[in-house]
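# Reading the structure
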Amino acid sequence: MKAKGLNRGKMIMLMSMILIAALAYQYLFIDMKHFDYAMSIRTPKLVVMLLTAFCIGSGTIVFQSIIQNTIVTPCLLGMNSLYILIHTLVVFVLGSGHMLVTTKLLSFSVDLAIMAVAAVLIYGVLFQRARGNVLYILLTGTVLATLFSSITSTMQRIMDPNEYATLQNALIASFHKVNSGIILFSIAAILAVIVLLRKELALLDVITMGRDQATNLGVDYDKTVRKLLIGVTLFIAIATAMVGPISFLGLMIANLSRQLFRTYRHGILIWGSVFLGMFALLAGQALIEHMFSFSTNIGVFINVGGGIYFLYLLLSNRRC
Amino acid sequence: MKGRYITFLFVVLLLVLSVCSLFIGVINLDPGSILRGDFEQLEILLISRLPRLLAILCTGFGMSVAGLIMQQLCMNKFVSPSTGATISSAQFGILAAMLAFPNSTLADKTVFAFLAAILGTCIFVFFMQKIKFKDVIMVPLVGIMFGNIIGGVTDYLSYKYDMVQALSSWLVGDFSLIIRGRYETVFMVLPLIILAFVFANHFNIVGMGEDFSRNLGVPYNLLLFMGLAIAALITASVVVTVGSVPYLGLIVPNIVSALKGDRMKGNLLDTCLFGAIFVLVCDMIGRVVNYPYELPINLTVGILGSIIFIVMIFGRLNPGGRRRLGMKHGGSSCCQAPDLPEAKGGEV
């Protein structure tokens with residue numbers, strides 16, 4: 001089992017890289033006089049990055065396996081535009097001083113609840129109408145995303161500029177806006193999803209073989225895929241509600257994980273993708289905070305890097 | 001000739017709706033006093049109402065033709081300026097013009113938008129041709145992701161340089177600011193549409209593939225580039241004057257080809273007319289619903305278009321029944337004979 005040992009070695013290397021990045025992020029350039037204060041700011045951000053990487057990394061791998069295509073990202077599910085629509089709507093209707101905007105935990109739960117309901121409605125109900133053809137569902141998702149964003153841009157246009165300035169903060173991905181209540185809440189939500197989907201997650205390797213093979217092996221393909229799809233959407237919703245629109249990250253880390261580990265076992269792929277995501281976020285954020293002194297935003301790196309990597313994938317695979 | 005009948009119907013409908021559109025508005029216009037030469041009424045008509053109508057017509061003509069050209073060239077019913085990264089590239093171009101020359105004129109922005117749009121579209125089509133797609137639907141999905149990347153960069157730059165609200169007038173399609181003197185760029189659409197009429201058959205041939213068009217003596221690369229350039233230039237001039245209008249290039253050609261079949265030359269006129277009717281109706285709805293205020297065209301087309309598009313997608317899934325209204329384009333994106341001139345009569 002040479003390959004297995006090799007993969008384990010890679011995994012250990014990845015973990016130690018994460019550890020180094022985390023230490024660098026947490027303890028570099030710290031002013032010893034204000035150690036406690038610095039920790040109180042840096043620790044929640046560290047946890048949020050780990051959680052985000054977990055949600056997006058695992059969600060993307062599962063999503064790609066369901067679609068059987070390694071070039072899609074769950075940002076096609078339209079959760080980003082729904083998130084932006086919810087926030088715009090709240091600020092537009094209730095004003096930026098309202099409880100729903102200022103109380104972070106409340107706004108987080110509202111985000112999550114609406115996105116969860118939408119996910120179940122859109123991806124649960126449509127799935128049956130579409131007779132299990134996932135691509136049609138994706139197309140519907142993108143259509144809805146366009147619909148959401150045309151409503152959003154209309155509202156943003158007639159919005160008071162001061163309100164708009166408040167809104168803008170919520171719409172750019174960042175790790176600054178999270179407190180410990182939200183962290184606990186999202187950990188609970190993530191665990192709940194995993195527990196509910198434990199059977200389906202175990203079937204992932206079989207699902208990858210395609211509908212006919214999976215059905216042959218006794219798997220209720222449609223039901224499993226539907227549940228997994230809702231699970232992925234919830235994961236993306238959690239990540240988006242925590243940090244804002246960021247899910248392009250998934251494309252990079254999922255594909256890097258597939259390249260690095262060269263296996264079809266989801267047990268390894270998912271963790272690989274999660275760890276790569278953790279490393280990318282930690283290292284990126286450490287660079288931004290300690291080297292560029294906050295002059296830029298991690299969303300840019302993700303967008304530009306993800307974009308270039310996406311084009312590279314298209315050209316190197318030549319099929320999708 | 002049922003095809004002729006449809007064209008005739010479209011022309012009549014368009015004329016009636018155009019006249020209606022002239023007389024919808026906060027200030028009441030009265031045909032009698034215009035004919036008598038009431039100066040004030042004439043002024044309203046010439047400064048505000050007529051330019052608006054012309055802009056609507058040009059947008060409807062232009063965007064649907066741009067969509068039709070792109071669909072024919074790529075031989076895929078889901079490609080259009082909004083799913084092929086053309087609109088988002090044009091917006092990026094406008095932002096680039098605003099950043100590079102802070103006091104840039106509309107002409108500068110048009111040039112930038114055009115260059116960016118053509119570059120983005122060509123990159124997209126280049127990638128599309130290099131890749132084997134397992135399913136037709138992957139093409140628009142890849143296009144949308146590509147558009148998302150460009151849009152992400154635009155968002156970030158506009159956020160960083162505090163241009164978000166300034167840029168939003170080009171992100172949201174809206175006819176309410178169209179008055180004489182600031183919409184004339186949109187007329188650039190008209191010669192381009194004529195060009196599209198002239199080369200319609202050539203685009204059809206190019207859509208059938210490189211070898212096929214070489215065989216028929218059609219310079220493939222030149223015409224492919226020309227078609228994309230026409231589509232990009234139309235899109236850029238509409239985005240610069242009106243703003244982006246989603247779906248138009250996607251839905252209109254599909255509905256028309258469901259009615260009339262797939263031959264580009266025969267469909268071009270109907271696509272133009274139907275596109276203009278669609279925009280006119282959406283604009284009138286937007287003006288009437290919230291009277292005396294109005295909803296931007298972006299919103300009305302967005303909502304109506306989404307509904308129609310979803311019906312189309314699911315219509316395609318259910319065999320028989322509503323299938324005609326969907327895309328009759330099953331299977332791979334390159335193997336279908338695009339031109340069935342005689343088959344179209346019986347379909348309607």
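Residues numbered from 1 in each chain as written. Chains lettered and ligands numbered in written order. Predicted model: local features only at pLDDT ≥ 70, side-chain atom pairs only at ≥ 80, totals over all residues. Heavy atoms only, no water.

### Let's talk about the overall build of chain B
Here is the rule we go by: Segments assigned H or I by DSSP are reported as helices when at least four residues long, segments assigned E as strands when at least two residues long, and all are numbered from the N terminus. Exposure categories follow from relative accessible area, calculated using a 1.4 Å probe and restricted to protein chains: below 20% of the type maximum is buried, above 50% is exposed, and the middle band is partly exposed. The contact criterion used throughout is that any non-hydrogen atoms of two residues lie within 4.5 Å. Areas reported as accessible are Shrake-Rupley estimates using a 1.4 Å probe. Residue values count occlusion only from the protein chains shown.
Each helix and strand counted, chain B has 14 helices and zero strands in total. Looking at the 348 residues of chain B, the share that counts as buried comes to 56%. For chain B, long-range pairs separated by at least 24 residues make up 75% of all intrachain contacts whose partners lie at least 6 apart in sequence. In the form shown here, chain B has an accessible surface area of approximately 14400 Å², with 67% of it arising from carbon and sulfur atoms.

### Description of the interface of chain B and chain A
Put simply, an interface is often sized by how much accessible area is lost when its parts join up. Worth spelling out the cut-off: Two parts placed together each lose some accessible area under a 1.4 Å probe, and adding up what both lose gives the buried area. Any carboxyl oxygen of Asp or Glu within 4 Å of a side-chain nitrogen of Lys or Arg constitutes a salt bridge here. Any pair of nitrogen or oxygen atoms within 3.5 Å is treated as a polar contact; in protein, a donor-acceptor pairing is required on top of that, and neighbouring residues in sequence qualify only through side-chain atoms on both sides. For this scheme, ten residues count as nonpolar: Ala, Val, Leu, Ile, Met, Phe, Trp, Tyr, Cys and Pro. Four count as charged, namely Asp, Glu, Lys and Arg, and the remainder, Gly too, count as polar.
Listed as interface residues are 44 residues of chain B and, on the opposing side, 48 residues of chain A. Taken over both partners, the interface formed by chain B and chain A buries close to 4300 Å², and the fraction arising from carbon and sulfur atoms is 73%. The largest per-residue losses of area from chain B upon contact with chain A belong to M145, Q165 and F314 of chain B, which jointly make up 15% of the total buried on that side. Linking chain B with chain A are zero salt bridges. Across the chain B-chain A interface, the total number found is two residue pairs in polar contact (both at pLDDT 80 or more). Of all elements in the fold, only α5 (106-130), α6 (138-160), α7 (164-171) and α14 (297-317) of chain B reach the threshold of two or more residues within the side of chain B that touches chain A. At 13 residues, α6 of chain B tops the list of elements feeding residues into the side of chain B that touches chain A. Across the side of chain B that touches chain A, the residue classes tally to 29 nonpolar, eight polar and seven charged.

### Details of a nonpolar patch on the surface
Residue and element names in this part refer to chain A. What counts here: Residues enter a patch when their relative accessible area is above 30% and they make no salt bridge; the linking distance is 9 Å between like charges and 5 Å between nonpolar side chains (Val, Leu, Ile, Met, Phe, Trp, Tyr).
There is a patch of nonpolar side chains on the surface, built from L89, F92, V93, L94 and I158 and spanning about 460 Å² of accessible area. For V93, the location among the structural elements is in helix α3 (residues 79-94). Residue classification places V93 among the exposed positions, given a relative accessible area of 57%.

### Quick look at unusual backbone geometry
All names here are of chain B. Its identity as a non-glycine residue notwithstanding, A85 has a phi of 70°, on the positive side. The residue A85 is located in the loop between α3 (39-74) and α4 (86-100) in this model. Although it is not a glycine, Y247 adopts a positive phi angle of roughly 70°. For Y247, the location among the structural elements is in the loop between α11 (220-241) and α12 (248-260). Overall, the relative accessible area of 4% leaves Y247 in the buried class.

### Digging into the state of the cysteines
All names here are of chain B. This is how it is decided: Criterion for a disulfide: a pair of cysteine sulfur atoms within 2.5 Å.
Tallying each qualifying case throughout the model produces zero disulfides over all chains. Between C122, a free cysteine, and C74, which holds the nearest cysteine sulfur, the sulfur-to-sulfur gap is 10 Å. For C122, a relative accessible area of 22% corresponds to the partly exposed category. In this structure C282 is not part of a disulfide, and its nearest cysteine sulfur, from C20, lies 15 Å away.

### Re the environment of G302 of chain B
Inspection of the secondary structure assignment puts G302 of chain B in helix α14. Spatially, the C-alpha atom of G302 of chain B lies 15 Å from that of T59 of chain B, the residues being 243 residues apart in sequence.

### Details of the packing of helix α9 (residues 200-207) of chain B against helix α13 (residues 264-289) of chain B
All names here are of chain B. The test is simple: The convention used is that axes are lines fitted to C-alpha atoms, helices contributing only their stretch in contact, and that angles between N-to-C directions extend from 0 to 180 degrees. Convention used here: angles under 35 degrees read as roughly parallel, angles over 145 as roughly antiparallel, angles from 65 to 115 as roughly perpendicular, and any remaining angle as oblique. Handedness of each helix crossing follows the sense of rotation of the near helix against the far helix: counterclockwise by less than a right angle gives left-handed, clockwise gives right-handed.
As a packed pair, α9 and α13 sit with axes 8 Å apart at the nearest point and diverge in direction by 120°. Overall, the two elements α9 and α13 adopt an arrangement that is oblique. Handedness of the α9/α13 crossing: right-handed. Judged by residue contacts, A200, N201, F203 and N204 of α9 engage M264, K265 and L268 from α13. Looking at the contact of α9 with α13, its residues break down into four nonpolar, two polar and one charged.

### Looking at the side chain of S257 of chain A
With respect to the helices and strands, S257 of chain A occurs in helix α13 (residues 249-261). Dropping the residues within four chain positions of it, S257 of chain A is found in contact with I61, R262, L269, G272, S273 and L276 of chain A.

### A few points about the packing of aromatic side chains
The cut-off we apply is this: Classification of ring pairs uses Phe, Tyr and Trp, with its six-membered ring standing for Trp, and accepts pairs whose centres are within 6.5 Å; under 30 degrees between planes counts as stacked, over 60 as edge-to-face, and the remaining range as tilted.
Counted by the stated rule, this structure contains 11 aromatic pairs over all chains. Each ring, one from Y309 of chain A and one from Y312 of chain A, has its centre 5.9 Å from the other, and the planes form 35°; the classification is tilted. A residue pair is termed a helical-turn pair when its members lie 3 or 4 positions apart in one helix, as Y309 of chain A and Y312 of chain A do in helix α15 (residues 298-317) at three residues. A relative accessible area of 43% places Y312 of chain A in the partly exposed class. Judged by centre distance (5.4 Å) and plane angle (65°), the rings of Y183 of chain B and F187 of chain B are edge-to-face.

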